[in-house]
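The residues making up each chain are set out below.
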Amino acid sequence: MSAVAPVLDHDIHQYTLEGKPLTSVSRVLDAIIKKSFEGVDPEILRNAAERGKLVEAHATVWMSTGGVVAVNERTDVLERLECFGRFMDHKKPKLLSAQQLVWDAEQGIAGMLDFILEIDRSEWLVDMKVTAQPEASWALQVGAYCELSRHSGPSAVLHINPKYKEGYIWRVYDTAAVKRQWRAALAWFKVLTELKAE
C-alpha cells in the first residue's frame, strides 16, 4: 500500500488514488462470479443492503464500547443484533480495526475490510455478512482483503442469520489458499478486461 490513501465516493462506490480511479474488489468479484437478481424487487435488494449496513454499524459500536443502544430500530436489525450478541458471548472478540481501507496502487485495486478482531490471542480478519444464503464469492473477497492488507493470520466470515441454531455461522478460511484464489481471480479479471477492450 502506498503512503497516500485512496478516497472512496460512497454514492457511486468509486475509489480514487491521487485522482486516478481504482477498481474495487466487489467489481472484480461481480465480473468473475455472476449473480442474477432478475425478477427480484429492487426494494427488497435495497432493504437488504440497508439492513446489512445497520447491523454492521451497531456491531462496530458494540465491540468498541461494550454495548449498543438501538432505540426504535427495525425489527429485522434487532433480530440480527441478538444473533450477534451470541457471537460476542461465544468468541469474546476484541476489536482492533473496523472498516479498514486496503489497496494496492500497483495493481489498481481497493476495498474495505470489515474487522480485524483479536480472538483467543490471534488476530482474525473477519468479514460480516447478513445475507439469506452463503455465496461462493466470499472466499475470494476474504482472500482479497488478506492479500491487500498483507494479513497472514486466520480469517473468517461471520454470517449472521436468525435461521441458524446459534444465530450465526463462523466460516473459517485457509488464508493462504484464499489469497492464492484471489490472485488467480484478479489475473482472470485482467484478461477479461483486455478482451473487452479489443
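Just above, that's the structure.
Residues numbered from 1 in each chain as written. Predicted model: local features only at pLDDT ≥ 70, side-chain atom pairs only at ≥ 80, totals over all residues. Heavy atoms only, no water.

Visitor: Would you explain the packing of aromatic side chains in this entry?
Guide: A ring pair, where both rings are aromatic, is described by two values, the distance of the centres and the angle of the planes. For the coordinates displayed, the defined rule picks out five aromatic pairs. Taking the centre distance of 5.6 Å and the plane angle of 85 degrees together, the rings of Phe87 and Tyr168 count as edge-to-face. Remark: Tyr168 occurs in strand 8 (residues 168-173) and Phe87 occurs in helix 3 (residues 75-91); sequence separation between them is 81 residues. On the basis of an interplanar angle of 50 degrees and a centroid distance of 5.2 Å, the ring pair of Trp124 and Trp170 is categorised as tilted. Linking Trp124 in strand 6 (residues 122-129) with Trp170 in strand 8, this pair joins segments that are 46 residues apart in sequence. Take Trp124: its relative accessible area is 14%, and that puts it in the buried class. (Phe/Tyr/Trp six-rings, centres within 6.5 Å; stacked < 30°, edge-to-face > 60°. Helix = DSSP H or I, 4+ residues; strand = E, 2+ residues; numbered from the N terminus. Buried < 20%, exposed > 50% of the residue type's maximum accessible area, 1.4 Å probe, protein only.)

Visitor: I keep staring at the pairing of strand 5 (residues 109-119) and nothing clicks. Help me out?
Guide: Remark: a regular strand shows side chains that alternate across the two faces of the sheet. Judged by how many residues are buried, strand 5 sits mostly within the fold: nine of 11 residues are covered. One ladder, built from two bridges, connects strand 3 (residues 20-24) with strand 5; its direction is parallel. Counterpart to Thr23 in the pairing with strand 5 is Ile109. With antiparallel pairing between neighbouring strands as the criterion, strand 4 (residues 94-104) and strand 5 make up a hairpin whose turn holds four residues, including Gly108 at a positive phi of roughly 75 degrees. Examined bridge by bridge, strand 5 and strand 6 share five bridges and lie antiparallel to one another. The partner of Glu118 across the bridge, within strand 6, is Glu123. Between strand 5 and strand 6, which pair antiparallel and follow one another directly, the connecting turn spans two residues, one of which, Asp120, has a positive phi of 50 degrees. (Pairing = 2+ DSSP bridges.)

Visitor: Please explain the nonpolar core as it appears in this structure.
Guide: One broad rule of soluble globular proteins: the nonpolar side chains tend to lie buried together. The biggest cluster of nonpolar side chains holds 24 residues, and the ones touching the most others in it are Val25, Ile109, Leu125, Val142, Tyr173 and Trp182. For this core, the secondary structure elements donating two or more residues are helix 1 (25-32), strand 5, helix 4 (137-149) and helix 5 (175-197). Take this core: its biggest share by element is eight residues, from helix 4. Discounting chain neighbours no more than four positions away, the residues touching Val25 are Ile109, Ala110, Gly111, Gln141, Ala144, Tyr145, Leu148 and Trp182. In this structure, Met63, Phe84, Ile119 and Tyr168 belong to the second largest nonpolar core, which totals 22 residues. (Core = buried A, V, L, I, M, F, W, Y, C linked by side-chain atoms within 4.5 Å. Contact = heavy atoms within 4.5 Å.)

Visitor: Would you take a moment to explain the side chain of Lys179 for this structure?
Guide: Take Lys179: it is sitting in helix 5. Lacking a salt bridge, the buried Lys179 has Glu147 as its closest oppositely charged neighbour, with an N-O distance of 4.2 Å. Within polar-contact distance, the side chain of Lys179 engages the backbone oxygen of His151 at 3.3 Å. Discounting chain neighbours no more than four positions away, the residues touching Lys179 are Gly143, Cys146, Glu147 and His151. (Lys, Arg positive; Asp, Glu negative; His and termini not counted. Salt bridge = Lys/Arg side-chain N within 4 Å of Asp/Glu carboxyl O. Polar contact = N/O pair within 3.5 Å; in protein donor to acceptor, adjacent residues only side chain to side chain.)

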